[in-house]
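One letter stands for each residue in the lines below.
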Amino acid sequence: MDKIGFIKKDIYNLECSVNGKLRNHDVEQVTEYFMAEQKKKNEAFYFKIEGDGHDRFSRCFWADATSRRAYGFYGDVVVFDTTFNTNRYDLTFAPMLGVNNHGQTIVLACAFLSKETTESFVWMFEEFKKAMPGGEPKTIITDQDAAMAIAISIAFPTTFHRLCIWHITSKFSVKLPRDAYKEYWREFQKAIWDTDNKDEFDAKWNIVVTKAGLTDHPWLSSMFDLRKSWVPAYARQFFAAGMSSSQRAEGSHGFFKQYISRRNSLMDFIIRFERALSHQREKELVADHVDAFEVAQCILPMPMNKQMATLYTRTMFQKFEQELIQSTACFVELKTEDASKVVFNVSERKNWETRVAEVVYVKDSDHTSCSCKRFEFVGIICKHILALFRRDQIEYMPDKYILKRWKKTAKSGLVLDANGNEIKDCADPGLLIKRSTMSRLASDVVEDALMSEEGCELLSETLKSLQVKLKLLKDGPSNNEVGGSSSQTQYMKDPKRVRCKGRSKGVTGAKEKALKRGIRHCRECGHIGHDRRQCPALNTP
């Protein structure tokens, strides 16, 4: 430490000095940074900055090429949530998240909003639609926010809006009477989670509510009216990549808050956020690399299991294999059959209870569906259908039940924007894969060349010539810088500090409370300027 030449206090003082020089130039820096990203690195970088009508920053939206390409592959499900206290202006940071083929959380777009109103959310969603290829998402998951719900219905009219089930179930302990919650919470849980069809849920819910004497409870009634948006029996038929809550958003906020804090300016926030984002994307690169050169080990030596091990990513294959293992404990029984369809009862023993799922096979379309709706909800075939396949000796999975978004090749193909232009990834996520591929090719060439002296000489001459060409390619003429100058561009003023939803009220100290009560008087003599302990009347001999 004595060789460094400065201490931690010097770094703190330097940071304060730099922040002082950059004060009132925050939005100017952010604008120049976005313009440089778009012009110098990749034209597919999209951003939009707007003011409040008084030439002051109000909101902004941005999405880089990697995020836009990711939406082209995984844009069917979006998780949206807002977090607070991530910058010195208290602007709301609103990321839109998705799930990749490894089951990892990815960032699709980001925004800063000074107001959490319906108009602000509609503006953000409209910018999101302009930036993203492929149209509206199938499902969007949020918490209960009235302004957000109205904005989604306006901007995404065909999207299924799913409410976070965790936010709703966690309120039971607060909204219900204490005794009723203790006695009937387990029955509410069974009604919510252990029912596969709508009629069964409605019946169990009404029984529990009647037993608890809460038929007129306003909050329970409102939640029952919204049941189509959060109850699994109603919402499981819509694809959501297996998500029923916005837990990924909460976890993502926790991850990014390791890098950012309330003291950050907008420019500092974006730099730190990009650093965290690169670490997140590095994990996806590693997962791609593993799946490209390794095949998962199969527990069950079945043709279908080996087939899916080569197609699915490692994470998704493990989920499929668990379903396949559990299917061996299911029993299939024919229920009814007619000219159009065949209905089976598939039973399984779980937690000392026998649960029965109904599997329907439609003859004309050659399609099989299950009452548990796992394939519709998760995108992976369920154990009940797998049990039927095993009974009918179907050795390989039909293509119609294999979603491309869970395959190793999910990111193959072109992604085009609204104008028909290809969105190219400036980060080149396949660098690890390219390096491994070329290393294997070089190793094979060396092995072939070692078989003869002529081969060694030919390879040596070719490599020397290639080395010279690569050096010329590397040291070639550099491109001229392109970008706007701060002296030529009119920039907005920095935003004022705002107060967002969810902010806790400030704690009032003892001194502030005393000032609010007014001037204190002595309880002994009634005069001001002292209290009873210092009263002259008591201290006089």
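The structure presented is a predicted model; accordingly, all values stated were derived computationally and were not measured.

1. A closer look at the UniProt feature "domain: CCHC-type" (unreviewed entry) in the chain
Under the present numbering, the feature "domain: CCHC-type" (unreviewed entry) in UniProt falls on residues 522-536. Between the first and last C-alpha atoms of residues 522-536 the distance is 10 Å; the span itself is 7% helix and 0% strand.

2. Brief notes about the pattern of salt bridges
This model, assessed by the stated rule, comprises 22 salt bridges. Where Glu187 meets Lys211, a salt bridge forms, and the shortest distance between an N and an O atom there is 3.1 Å. Taken together, the residues Glu187 in helix α8 (residues 178-193) and Lys211 in helix α9 (residues 198-212) connect sequence positions 24 residues apart. Judged by relative accessible area, which is 27%, Glu187 ranks as partly exposed. Measuring nitrogen to oxygen at the nearest pair gives 3.3 Å for the salt bridge that ties Asp202 to Arg227. One end of the pair, Asp202, is in helix α9; the other, Arg227, is in helix α11 (residues 227-230), and 25 residues separate them in sequence.

3. Description of a negative patch on the surface
Residues Glu453, Glu454, Glu457 and Glu461 make up a contiguous surface patch of negative charge. Along the chain, the position of Glu457 falls in helix α20 (residues 453-474).

4. Structural notes on the sheet that holds strand β10 (residues 341-350)
The 4 strands are arranged β9-β10-β11-β12 in an open sheet whose pairing can be described as antiparallel. The outermost strands of the open sheet, each flanked by one partner alone, are β9 (331-337) and β12 (367-370). Sheet twist, expressed as the average angle between the axes of neighbouring strands with direction ignored, equals 25 degrees.

Definitions and limits used
Residues numbered from 1 in each chain as written. Predicted model: local features only at pLDDT ≥ 70, side-chain atom pairs only at ≥ 80, totals over all residues. Heavy atoms only, no water. UniProt positions renumbered as here; feature names shortened; annotations may be inferred. Helix = DSSP H or I, 4+ residues; strand = E, 2+ residues; numbered from the N terminus. Salt bridge = Lys/Arg side-chain N within 4 Å of Asp/Glu carboxyl O. Buried < 20%, exposed > 50% of the residue type's maximum accessible area, 1.4 Å probe, protein only. Patch = residues over 30% accessible without salt bridge, like charges linked within 9 Å, V, L, I, M, F, W, Y side chains within 5 Å. Areas by Shrake-Rupley, 256 points an atom, 1.4 Å probe, with all protein chains shown as cover. Lys, Arg positive; Asp, Glu negative; His and termini not counted. Charge placed at Lys NZ, Arg CZ, Asp CG, Glu CD. Pairing = 2+ DSSP bridges. Axes fitted to C-alpha atoms, helices over the stretch in contact; angles between N-to-C directions.

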